[in-house]
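Structural characterization, general
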Amino acid sequence: MTGPGSRQRRADRPRLRLVGTARREVMLPSSLAPDRLGRLRRGVAGTGEPSSVIQPFTGEPLTELPTSTSDDLDAAVRRARAAQQSWAEVAPRERAAVGLRLHDLILDRADGLLDVIQAETGKARGHAFTEVLEVALLSRFLGLVAGPVLTPRSLPGAIPIFTRVRQRQAPVGVIGLISPWNYPFSLGVGDGLAALIAGNALLHKPDGQTALTALLGRELIIEAGLPAELWQIVNGSGAEVGPAVIDRSDQVIFTGSSATGRLVAERAADRMIGTSLELGGKNPMIIRGDADLGRAVPGAVAACFSSAGQLCESIERIYVQRSVADEFIRRFVAVTSRLRVGVGYGDDYDIGSLTSADQLAKVTAHVRDAVGRGANVLTGGAAVPEAGPYCYRPTVLTDLPATARCYREETFGPVVAITAVDSDEEAITLANDSEFGLNASIWTRDVAAGRRIARRLRSGKININDGFAAAYGSVHASIGGWGSSGAGHRHGRESLLAVTQTQTVAVQSILPTGEFGAFRGRLYRRGMTALLRVLKHLPGR
Ligand code: NAD
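Residues numbered from 1 in each chain as written. Predicted model: local features only at pLDDT ≥ 70, side-chain atom pairs only at ≥ 80, totals over all residues. Heavy atoms only, no water.

Description of the overall build of the chain
Counted only if it meets this: The helix count covers DSSP runs of H or I at least four residues long, the strand count covers runs of E at least two residues long, and both are numbered beginning at the N terminus. Atoms considered for the radius of gyration are the C-alpha atoms alone. The globule rule reads 2.2 Å times the number of residues to the power 0.38. Between two residues, a contact is recorded if the distance between any of their heavy atoms is within 4.5 Å. Only the protein chains shown count as cover for residues, and all accessible areas are computed by the Shrake-Rupley method using a 1.4 Å probe. By the counting rule applied here, Lys and Arg register as positive and Asp and Glu as negative, while His and the ends of each chain are not counted. For charged residues, the charge sits on one atom: NZ in Lys, CZ in Arg, CG in Asp, CD in Glu.
In terms of regular secondary structure, the chain is built from 19 helices and 20 strands. For a compact globule of 541 residues, the expected C-alpha radius of gyration is about 24 Å, and the chain comes in at 26 Å, within 12% of that figure. Considering only contacts within the chain whose residues lie at least 6 apart along the sequence, 73% involve residues at least 24 apart. With an accessible surface of roughly 23000 Å², the chain has 53% of that area assigned to carbon and sulfur atoms. Between the centroid of the 63 positive side chains of the chain and the centroid of its 54 negative side chains there is a distance of 8 Å.

Spelled out as structure tokens, the structure:
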């Protein structure tokens, strides 16, 4: 069991004692009223024992959702397969129109979406909004490009006129989608959308802690015109329901930790099915001596502490050139220490809560370990129980020794280590000294120099004069991790192609060719050689 929403996992691990934490009362918005939650709950393909969704704002249960038994999974995949047969026959442009309608619905219903995302993840409202923004942009992009990308194309045959060729992108069938809790709308609904528009059905296991967001996304997309049975949502422990999803799917889209990603890849390889893996990171930022610190400081703060650092793109290592290191650190610490940490459905706080007690325990352990090994805490370094049961103060470390856990391991919380460097060369070497390659950031006034550094960084995404949003938000561009950060295609035309199989149908019109055809032997070879010499003069050949 690995998701924070799973009961056993919480029971297995030592619970963090939150000394002095009062039971908090946070008024639930009407979008989370019991009848509304009851309606969402009915979207789970499950009849098993319930699992709890905990409100990070209070530490109290929000609701319970049924888990999915093996029989539930069998029935769900049967329904998905049946629906997929007819969905695959719908013209790509018609399927894509669901994306265009979804875009408008997301914008119309943004407030309700933000409530549910915040209730399950504990993040600040502004950070929840980035999910809404991304999925809206992506829906429109897929709505516009899916028709042209997926409509069968005529291509030249080996010999013009003799052969007519058509290539089409056939859907794979039922895609198993396994998504984490940190960006439940982006990584559940956003990733699922490309698969659906490409003509597939989804067998989706969101993390149990954030299944309501997935259920609400499913409701919206059904309203936008998707046949309901195409998207089956199952619930339960990662260790049990996750493998059961892989065993019943034709391909898997997985987002989560690198450790679980390896298990997913092994299981999928055993069945010879494809995977898209979007995994962890330990993302570096380089501040060059010529950086505009007026932009770099707030940019770096946003990149380190958005969603309380529970963002796969989050910056956890900053390498700053010594000439500006003191000034950068002074200003970075000043802004960080002023960030308002707290919980609620308004816009009162810059940083919300961590999502679970497990997350708080991990962040606390990483910082304690670093300090125990000699790191300095310039600001933060402690939980803030008076702000919320799982809140942690944004934390800046220096002098982090290489033996500390958070030197190499992903913390996935509001913790960053800053190191002064003497040159671009040293910054590049340190930035690349990681098994991960998900996101990197470079701040410089010399964009050409930034591009030169970018070419030498081992990372799937590089942001120059931005922390993460520029690359991630460009939905036309395909993104994915390098190294232990995975192998996948999110966004871009590639996200559609990745959930299809190419099928080529060639019709031979005039004469058979080849060894047993009419032109076998020397005459055939001479004739073909002459033909190829002529063909090269035709446009596009
Ligand atoms: P996780 O690996 O614990 O869980 C992810 C999902 O996998 C959950 O739904 C979980 O229930 C399920 N799961 C658990 N065990 C499984 C198993 N044995 N087989 C199949 N599924 C299983 O990750 P998490 O803690 O939920 O998420 C945080 C991690 O995700 C971080 O490492 C973060 O960097 C990464 N992440 C990556 C991206 C990206 O785009 N690269 C985006 C978001 C999060």
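Still to come is the rest of the account.
Considerations on the nonpolar core
In a soluble, globular protein the nonpolar side chains are often hidden away together inside. The criterion, for reference: For our purposes a nonpolar core is just a set of buried Ala, Val, Leu, Ile, Met, Phe, Trp, Tyr and Cys residues, chained together by side-chain atoms within 4.5 Å. Exposed residues in this analysis have more than 50% of their type's maximum accessible area, buried residues have under 20%, and partly exposed residues fall in between, with area computed by a 1.4 Å probe over protein chains only.
Counting 137 residues, the largest nonpolar core has Ile106, Leu212, Ile287, Ile318, Phe328, Phe332 and Leu496 as its most contacted members. Take this core: its biggest share by element is eleven residues, from helix α6 (residues 125–150). Discounting residues that sit within four places of it in the chain, Ile318 has contacts with Met285, Ile287, Ala300, Cys304, Phe328, Phe332, Val416, Ala417, Ile418 and Thr419.

Some thoughts on the domain arrangement of the chain
This is how the line gets drawn: For every domain, the bounds stem from an assignment made automatically or drawn from a database.
Taken domain by domain, the chain holds domain 1 (7–23 + 281–481), domain 2 (33–50 + 61–279 + 492–497) and domain 3 (511–541). Of note, the centres of domain 2 and domain 3, computed from C-alpha atoms alone, are 47 Å apart.

Notes on the pattern of salt bridges
Pairing between side chains of opposite charge can happen when their charged atoms approach one another. Stated formally: Just to be clear on terms, a salt bridge is a Lys or Arg side-chain nitrogen sitting within 4 Å of an Asp or Glu carboxyl oxygen.
Per the stated rule, a full pass over the model turns up 26 salt bridges. Among the salt bridges present, the one from Arg36 reaches Glu219, with a minimum N-O distance of 2.9 Å. With Arg36 in helix α2 (residues 34–41) and Glu219 in helix α8 (residues 211–223), this pair connects stretches of sequence that are 183 residues apart. A residue is classified by how much of its surface remains accessible, and Glu219, at 25% relative accessible area, is partly exposed. Across the salt bridge formed by Arg393 and Glu386, the nearest N and O atoms sit 4.0 Å from each other.

Considering the sheet that holds strand β8 (residues 251–255)
Applied cut-off: DSSP calls a pair of strands paired once it identifies at least 2 bridges connecting them. Helix axes use the C-alpha atoms of the stretch in contact, all axes being lines fitted to C-alpha atoms, and the angles between their N-to-C directions lie in the range 0 to 180 degrees.
If you walk across this open sheet you meet the six strands as β7-β6-β5-β8-β9-β19, and the pairing is mixed. Edge positions in the open sheet fall to β7 (231–233) and β19 (486–487), since each of these has one partner strand only. In the sheet, strand β6 (residues 201–205) pairs with β7 via three bridges, with the strands oriented parallel. Bridge pairing in β7 links Leu203 to Gln232. Sheet strands in contact with helix α9 (residues 238–248) are β5 (174–178), β6 and β8, and its direction is about 165° off that of β6.

Section: the side chain of Gln118
Along the polypeptide, Gln118 turns up in helix α5 (residues 110–121). The buried category is assigned to Gln118, whose relative accessible area is 0%. The contacts of Gln118, once residues within four sequence positions are left out, are Phe57, Lys123, Ala124, Arg125, Ala128, Gly344 and Tyr345.

Section: the pairing of strand β10 (residues 283–287)
Rules: A clockwise course of the path from the first strand over the helix to the second, judged with the strands pointing away from the viewer, identifies a crossover as right-handed.
Within β10, five of the five residues are buried, which leaves the element mostly enclosed by the surrounding structure. Of the two faces of β10, the one lined by Asn283, Met285 and Ile287 and the one lined by Pro284 and Ile286 are each fully buried. Sheet analysis places β10 next to strand β11 (residues 315–321), joined by five bridges and oriented parallel. Looking across to β11, one finds that Ile286 is bridged to Tyr319. Crossover connection from β10 via helix α11 (residues 293–305) to parallel β11: handedness right-handed. By the bridge criterion, three bridges tie β10 to strand β16 (residues 439–443) in an arrangement that is parallel. Among the inter-strand pairings, Ile287 is bridged to a residue of β16, identified as Trp443.

A short note on the side chain of His491
In this structure, His491 sits in the loop between β19 and α18 (492–497). Not counting the four nearest positions on each side in its chain, His491 is found in contact with Glu134, Leu138, Tyr472, Ser474, Val475, Ala477, Ser478 and Ile479.

Thoughts on the environment of Tyr349
Turning to its location among the elements, Tyr349 is positioned in the loop between α12 (322–337) and α13 (357–372). As for Tyr349 and Lys123, which are separated by 226 residues in sequence, their C-alpha atoms are 9.7 Å apart. Leaving out residues up to four positions away in the same chain, Tyr349 has contacts with Ala124, Arg340, Val341, Gly342 and Val343.

Some remarks on the sheet that holds β10
Read from one edge to the other, the open sheet built from seven strands follows the order β12-β13-β14-β11-β10-β16-β17, with strand pairing classed as mixed. Each having just a single partner strand, β12 (376–379) and β17 (461–464) make up the two edges of the open sheet. In this sheet, adjacent strand axes meet at a mean angle of 25° when their direction is disregarded. Two strands pair when backbone bridges link them, and β16 and β17 are joined in this way by four bridges, in the parallel orientation. Note that in β17 the partner of Asn439 across the bridge is Lys461. Strand contacts of helix α15 (residues 424–432): β10, β11 and β14 (415–421), with the helix running at about 165° to β11, the strand carrying the most contacts. Packed onto the sheet, helix α16 (residues 447–456) meets β10, β16 and β17 and runs at close to 165° relative to β17.

Digging into the packing of α6 against helix α7 (residues 184–197)
Quick reminder of the rule: Roughly parallel covers angles under 35 degrees, roughly antiparallel covers those over 145, roughly perpendicular covers 65 to 115, and oblique covers all other angles. Charged means Asp, Glu, Lys or Arg here, nonpolar means Ala, Val, Leu, Ile, Met, Phe, Trp, Tyr, Cys or Pro, and polar covers whatever is left, Gly included.
At their nearest, the axes of α6 and α7 sit 10 Å apart, and the two run at 10° to each other. With respect to their mutual orientation, α6 and α7 come out roughly parallel. Every residue of α7 that contacts α6 at Glu131, Val132, Glu134, Val135, Leu138, Ser139, Leu142, Ala146 and Leu150 is listed here: Pro184, Phe185, Ser186, Val189, Gly190, Leu193, Ala194 and Ile197. Looking at the contact of α6 with α7, its residues break down into twelve nonpolar, three polar and two charged.

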